[in-house]
Amino acid sequence: MSGPLLEAEGVTKRFGGLVANDAVTITVAPGEVRGLIGPNGAGKTTFVNMLTGFETLDAGSIRLGGAALTGLPANQIAARGLVRTFQVARVFSNMSVRENLLIPFLAAGSPGGVREGQAKAADLLATGTLEHLAEEPASVLSGGQRMLLQACAGFMIPAVRLYVLDEPFAGINPVVKDALIALIEHENKSNGRAFLIVSHEMAIVRRLCPRVTVMIQGRVAAEGTLDEVARRPEVVQAYLGSAAA
Amino acid sequence: MTPETGWLPHASRHLGAAKGWTVIFSAELLVQTVLSGLMVGVLYALMALGITFIYSIVKTINWAMGEFYMIGSYIQFVAVHYLLGARWWWLAAIISAAGTFLVGLILEPILIKPMYARPMQRRDDYATVVTIALLLLLRSLAVALGGPNQYRPESDLPVVWIGPLPQEGARVAAFVCALLALAVFWIVIKKTWVGLALRAAAQNRVAVQTSGVDVYRLDAIAFAIGVALAGLAGALLAPLFMVFPTNGAVTTVKGFEIIVIGGLGSIPGALVGGLLLGLAESLGAAFISSPYQNVYGFLLVIVVLIVRPDGLFGERGREA
């Protein structure tokens, strides 16, 4: 794979008079871990929703590995390897942690079947420090553990190439946070998966993401290393207000 | 229990006559009533299970459920009367269930799926209007094809004696088949991949899509399974309750009574509610007054609404 993995070009979304995403263009290389930052209301989640088929595009196009994804339903986008998590973890509360992991694996119709799925789930649970909870219903998990489970569930889709994590670190305890970071680093290094991480936690973004994209008021305002973009006056202004500029 | 307490038919008749009652209360009558209540209750439960199952996944109430019951009964009649003969009633019942399943599988994507293209608040309105329209369409279709006549598929099943108690063969057969169907349903839901996906969809439609599952296909499958349960009930009850264009109306009402008793969206609620409704009706008919048979179920509904407004197994705020 020589070309970019994700090519989102001119992605635009209007809600009535509000332009939530105004010609957003972002490219992510294979195996890259990209941060997506910006103040609240910048349109990050709207962009993620359009990437993953949960919102329609008013204009623009999305390609993954050269193949067009625009207009596909969410489940097909996931099956083609563009997977996401939600800010509020969406897990199947009445099912065991293990069953939660098997669903995305079996949905992909992998030839290995349940046995391979179980093995893969066991690996992920070990990396994610959820092993001891495998047979418990997901309803007993804490908020952070749910987020971790949701993240693990995405890795169970065999085709996953780009994993979009929407605010995965918000409001979770440091131990779970470390487990999630370890999981991301592991999947990136040993399986070459690319990530787009939406987060406000700058310390983690600095650690995980060599490059970040800054969105402000629905537009891409800057791109570069975190330290580079943090020096841009428009970024400073958006975060701290004009008095600081 | 000794014969003197009324276990044998002649003893109970004698006892009743001696005291001059018009209604005879005997242990035998009680057992027989409870049995027939449970038998019919399981078939009601099939209907209710179908309604609740469709609701839990597609998130809509199918008001045309009784018409799928009706379709099942017509297929049963045609299959038994014209094609297979009374001996192959069980094969006809399987064909009826499969036929209704197919009808459901074809209709859901055409009629119900467009509801998801609408804003959340309008979905219920849409589904209600569409399924009521479907109800009218299917009834008119039945009149157009078969006329307003009543049909009855032949049944050559002998009377079954349970101890000293006679039970209509078709009734026992319907009961046994309904139990089998419930077992198959349970296995599909608990043990198969489709069942796992369906349970997942019932809990979180968005997460199931994120997992790469086509939730709209699951909707069609769930709808088809639900209406097939109704179709099967129609087929099994055809020799007892007849085949005519509006024969599903009564069973639909009973299905919804059970949903209120058991709680919408609850599978155990549908089963327990079905049995309770069957018992209430048959006990009321036997020991209070038989013309009011349909009233006892509603009394039960009212009691449940007073004591547990969400139904016996219902969860408060399930829709939130």
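In this text, all values refer to a predicted model and were calculated from it rather than measured experimentally. (Residues numbered from 1 in each chain as written. Chains lettered and ligands numbered in written order. Predicted model: local features only at pLDDT ≥ 70, side-chain atom pairs only at ≥ 80, totals over all residues.)

A. Local environment of the overall build of chain B. When its secondary structure is counted, chain B shows twelve helices and two strands. Taken over C-alpha atoms, the radius of gyration comes to 21 Å for chain B, in line with the 20 Å a tight globule of 320 residues would show. For chain B, the spread of C-alpha atoms along the principal axes amounts to about 70 × 50 × 35 Å. Out of the 320 residues in chain B, the part that is buried amounts to 47%. A fraction of 73% describes how many contacts in chain B between residues 6 or more apart in sequence connect residues 24 or more apart. (Helix = DSSP H or I, 4+ residues; strand = E, 2+ residues; numbered from the N terminus. Rg over C-alpha atoms; globule rule 2.2 N^0.38 Å. Buried ≥ 20, exposed ≤ 12 C-beta atoms within 10 Å, placed from the backbone. Contact = placed C-beta atoms within 7 Å.)

B. Geometry of the interface of chain A and chain B. With 19 residues of chain A in contact, the opposing surface of chain B contributes 16 residues. Where the side of chain A that touches chain B is concerned, the elements lending two or more residues are α2 (74-79) and α3 (97-107) of chain A. Here the side of chain A that touches chain B takes five residues from α3 of chain A, the largest share from any one element. A breakdown of the residues in the side of chain A that touches chain B according to their chemical character gives 13 nonpolar, three polar and three charged. (Nonpolar A, V, L, I, M, F, W, Y, C, P; charged D, E, K, R; others polar.)

C. Molecular detail of the environment of E281 of chain B. Secondary-structure assignment places E281 of chain B in helix α11 (residues 267-287). Separated by 26 residues in sequence, E281 of chain B and G255 of chain B have C-alpha atoms that sit 14 Å apart.

D. Examining the pairing of strand β3 (residues 33-37) of chain A more closely. Residue and element names in this part refer to chain A. Counting buried residues in β3 gives five out of five residues, a clear majority hidden from the surface. Across four bridges, β3 lies against strand β8 (residues 194-198) in parallel orientation. The residue of β8 that forms the bridge with V33 is F195. Alignment of β3 against strand β9 (residues 211-216), held across four bridges, turns out to be parallel. Its bridge partner being in β9, G35 is matched across the sheet by V212. (Pairing = 2+ DSSP bridges.)

E. Region of the structure containing the sheet that holds strand β2 (residues 18-28) of chain A. All names here are of chain A. Strand order in this open sheet of four strands is β2-β1-β4-β5, and the pairing throughout is antiparallel. Edge positions in the open sheet fall to β2 and β5 (67-68), since each of these has one partner strand only. By the bridge criterion, five bridges tie strand β1 (residues 6-15) to strand β4 (residues 59-64) in an arrangement that is antiparallel. Looking across to β4, one finds that E9 is bridged to S61.

F. Layout of the packing of α3 of chain A against helix α7 (residues 193-203) of chain B. Put simply, α3 of chain A and α7 of chain B touch, their axes get as near as 10 Å, and they point 115° apart. Helix-helix and strand crossings are classified by hand; for α3 of chain A and α7 of chain B the assignment is left-handed. Residue-level inspection shows E99, I103, L106 and A107 of chain A of α3 of chain A in contact with α7 of chain B, the latter providing W193, L196, A197 and A200 of chain B. Tallied by class, the residues present in the contact of α3 of chain A with α7 of chain B amount to seven nonpolar, no polar and one charged. (Axes fitted to C-alpha atoms, helices over the stretch in contact; angles between N-to-C directions. Left-handed = near helix turned anticlockwise from the far one by under 90°.)

G. Fine view of the domain arrangement of chain B. Residues and elements named next belong to chain B. Domain boundaries in chain B define domain 1 (48-240) and domain 2 (246-315). The gap between the C-alpha centroids of domain 1 and domain 2 is 19 Å. On the side of domain 2, 19 residues touch domain 1, which itself brings 15 residues to the contact. Here the residues of the side of domain 1 that touches domain 2 are counted per class, giving eight nonpolar, five polar and two charged. (Domains from an automatic or database assignment.)

H. Region of the structure containing the sheet that holds β8 of chain A. All names here are of chain A. With mixed pairing, the six strands of this open sheet are ordered in space as β6-β7-β8-β3-β9-β10. In the strand order of this sheet, the two ends are held by β6 (82-84) and β10 (219-224), each with one partner. Strand-to-strand, the axes of this sheet are offset by a mean angle of 20°, without reference to chain direction.

I. Region of the structure containing the confidence of the model for chain B. Residue and element names in this part refer to chain B. With 90% of its residues at a pLDDT of 70 or more, chain B has an overall mean of 86. Taking the mean pLDDT of every element in chain B, the minimum, 44, falls on helix α1 (residues 9-19) and the maximum, 95, on helix α4 (residues 89-111). The low-confidence segment residues 1-21 (pLDDT under 50) makes 24 contacts with residues lying over four places distant or belonging to another chain. As a predicted assembly, this complex carries a pTM of 0.84 together with an ipTM value of 0.81. (pLDDT = per-residue confidence, 0-100.)

J. Just unusual backbone geometry, in detail. Residues and elements named next belong to chain A. The backbone of E167 sits at a positive phi, close to 50°, despite the residue not being glycine. As for its placement among the helices and strands, E167 is situated in the loop between β7 (162-166) and α6 (174-191). Classification of E167 by C-beta neighbours within 10 Å gives partly exposed; the count is 19. Phi is positive for Q217, close to 45°, though the residue is something other than glycine. Assessed through the 15 C-beta atoms surrounding it within 10 Å, Q217 is described here as partly exposed.

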